[in-house]
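One letter stands for each residue in the lines below.
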Amino acid sequence: MLLVVNYRWNGTNGNDWKGQLNGADAGGYYEYLPALFIRHDLDRLKPELGFVRNQDERQVIKYPPGVAVLLFPFFELGHLLAWAGNFETSGYSEPYLKCVSLAAIFYLGLGLLALRKLLLLLNIKEGVIAVVLLLLVLGTNLGYYAVIKSGMSHVYSFAIIACFIYCIVSYFERSKPRYFVGAALFLAIALLIRPTNVVIILMLPFAAGSFSRLNFFFNNRKVFAIAAIIFLMVWSIQLISWHHQSGSWWVWAYKGEGFYFFHPEILNVLFSFRKGFFLYTPLALISLVGLLPLYKMNRTKFYALVVTLTFAIYLISAWWCWSYQDSFGMRPFIDYYSLFGILLALLLNGLSSLISKIIVYTLCLFCMLLNLVQSYQYYKGIIHPFCMNEEKYKYVFLKTNEKYVNCLGGNIDLQPYSTRELQLIHSYVNDYEKEVADFTNGEISDMGFCGEPQSHCCHYSDRNEFGTELSIKPESAKVVSGIGVSTLHEVLFAKIELKRYETSFNSSSGALLAIDITSDKSEYYNAIPLNDTPSEEAGKWKKYNYTFEIPKPLSPNGVIKIYVWNRGKKDFYIDDFKVQIFKLFP
């Protein structure tokens, strides 16, 4: 792993280390450290930062401080190296970001060590343990998030949860108070990283081995009191952070986001081509066979682990953004990989016949190789970061050639969180048979080329770089469902449909679908490849669907422009251009 990190630092371009904190999540986890220890402005954060939320006219970091707590020693090391090497001591220069990489590798090692010790307590063979640890790193997205996305929270959660389970199992096995205190410490840190990690408490019956032994958990009141005090002291870091930033002891920093507890997307989370956990990490599906030997070994442990995984799946699936946006695979499950490691170890440890070993180990090897290929694909942009589907998955399956880099287009943003049904405020359909308000049509052509000369469509060619365009202005907006719409300042969601016809193979491959929102200045712009996948045939109409989240409130005088940009200046046609704009209620 260190060799991989070194390559990322000094490989093809020598500056991949700059991407350690790319994205709002990683930046938000880390921001506590430079804000508190360098700039001393944790209570005066810039509201335009993507991870800052307004709270009573003050700004609060959206993300919990657990990752920052774990990064603190490495942050101090980076600060020392920056000072000694005459780098900028801002918290974001090269030494700091490289130390974030080292932190992720350290906590990966800590998690694997804790899991190894836990598996030894469960009487798993040393050879099997070595295989399980190797498979978890190379056969799942754990290794990717430890090396490439080291600023994200998942490798840290994995380590701390593994340490918690090891400590609580050791407490019941060895009756030593220090393990109970350690479990309380790791539980508090796990909740500081991600509050949903609270589900690991359900592993207590697993650790006890029987429900009757759970009484032992509370018997030593002195130890229990000490553990409770340590837990509260550590977790109070969150309360202190909220109060320091906002003046309130309790803050819902995820304003505008939430859970759909009555509509969890369980099937999509587990099996969809977009991000399905078992599709992108099939090793986890194989590991579930380990429930069979666990059931035979100890039914209390079996039920406890099943219940813990069930609640974890439910919480992950109930989050409004069930795909977790830009991610390789279903990243929230990384936190619970120690549980899948237990099951995989029990499965491999229980294999007796040569045939069963050959079959299972071959499947595990295939899963590892598939994960390594897909990790490379995701890193290079061959796998789309957030809107894969079955067609795209099949098109790039096991492809690593440079021609597949960034070849996928389309855009399917998830409907943003809303406390009630979205409200349709604009609806336009242009079939190019007549003038449509707010549309600029470009060059209109009859459809004789496809045997329908009585019908019309929009023609793009080398002389028509920009054709059809929809401009939605407040003063000209229609009334939809009885609602007046001077509401472009609201948070909006757009659904777009159109049909595309290519006159020659891949003639629309360079075309983009763009949303451009302007008022006195440009406020938002997003342009994505028109085609989901490169064409495999020409001379047919193909229907496309897109959804866009317009991620921030817009000025009252803002204008939404939606258009197709023929960047490649080649021949193709567009028809049945439909646009719907919805208002959200976050």
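Residues numbered from 1 in each chain as written. Predicted model: local features only at pLDDT ≥ 70, side-chain atom pairs only at ≥ 80, totals over all residues. Heavy atoms only, no water.

Q: Can you lay out the overall build of the protein for me, pointing to particular residues and giving the numbers?
A: Summing up its helical and strand segments, the protein has 19 helices and 13 strands in all. For 586 residues, the compact-globule formula gives about 25 Å, and the C-alpha radius of gyration of the protein, at 27 Å, lands near that figure. Along the first, second and third principal axes, the C-alpha set of the protein runs to 85 × 65 × 55 Å. Relative to its 586 residues, the protein shows a buried fraction of 54%. Taking as baseline every contact in the protein between residues at least 6 positions apart, the subset at least 24 positions apart corresponds to 74%. (Helix = DSSP H or I, 4+ residues; strand = E, 2+ residues; numbered from the N terminus. Rg over C-alpha atoms; globule rule 2.2 N^0.38 Å. Buried < 20%, exposed > 50% of the residue type's maximum accessible area, 1.4 Å probe, protein only. Contact = heavy atoms within 4.5 Å.)

Q: Which residues make up the packing of aromatic side chains, and what values go with them?
A: Under the defined criterion, the tally for this structure stands at 51 aromatic pairs. Between Y393 and F397, the aromatic rings sit 5.7 Å apart at their centres with planes inclined by 40°, giving tilted as the arrangement. Under the relative-accessibility criterion, Y393 is labelled buried at 9%. Assessed through its relative accessible area of 32%, F397 is described here as partly exposed. Three or more aromatic residues joined by ring pairs make a cluster, and in this case those are Y29, Y63, W252, Y254, F259, F261, Y314 and W319. Positioned above the aromatic ring of F206, the side-chain terminus of K301 is 4.5 Å from the ring centre. Just above the ring of F585 sits the side chain of R420; from NZ or CZ to the centre is 3.6 Å. (Phe/Tyr/Trp six-rings, centres within 6.5 Å; stacked < 30°, edge-to-face > 60°. Lys NZ or Arg CZ within 6 Å of the ring centre and 35° of its normal.)

Q: Now, about the side chain of N197: what can you tell me, with residues and values included?
A: Turning to its location among the elements, N197 is positioned in the loop between α8 (177–193) and α9 (204–208). A relative accessible area of 0% means that N197 is categorised as buried. Leaving out residues up to four positions away in the same chain, N197 has contacts with S157, I161, A190, L191, D335 and Y336.

Q: Requested: an account of the state of the cysteines, with residues and values cited.
A: The final tally for this structure, using the stated rule, is 0 disulfides. Take C367: it sits in no disulfide, and the sulfur closest to it among the cysteines is that of C364, at 6.2 Å. Classification of C367 by relative accessible area gives buried; the value is 3%. (Disulfide = S-S within 2.5 Å.)

Q: I'd like to hear about the packing of helix α2 (residues 24–37) against helix α3 (residues 66–84), residue by residue, with values.
A: Where α2 meets α3, the closest approach of the two axes is 8 Å, and the angle between their N-to-C directions is 55°. With respect to their mutual orientation, α2 and α3 come out oblique. Read as a crossing pair, α2 and α3 show a hand that is right-handed. Mapping the contact onto sequence places Y29, Y30, Y32, L33, P34 and F37 in α2 and V67, A68, L71, F72 and F75 in α3. (Axes fitted to C-alpha atoms, helices over the stretch in contact; angles between N-to-C directions. Parallel < 35°, antiparallel > 145°, perpendicular 65-115°, else oblique. Left-handed = near helix turned anticlockwise from the far one by under 90°.)

Q: Got a sec to walk through the environment of R178? Specific residues and values, please.
A: Structurally, the position occupied by R178 is in helix α8. As for R178 and V223, which are separated by 45 residues in sequence, their C-alpha atoms are 8.6 Å apart.

Q: Talk me through the environment of T468; I want residue IDs and the actual numbers.
A: By secondary structure assignment, the location of T468 is in strand β7 (residues 466–472). By relative accessible area, T468 is classed as buried at 1%. Remark: the alpha-carbon pair of T468 and L292, spanning 176 residues in sequence, is separated by 60 Å. Apart from the residues within four sequence positions on either side, T468 is in contact with N430, Y432, F439, T440, N441, C458, Y460, I562, Y563, V564 and F577. Reaching out from T468, the side chain makes a polar contact with the side chain of Y432 at a distance of 3.0 Å. (Polar contact = N/O pair within 3.5 Å; in protein donor to acceptor, adjacent residues only side chain to side chain.)

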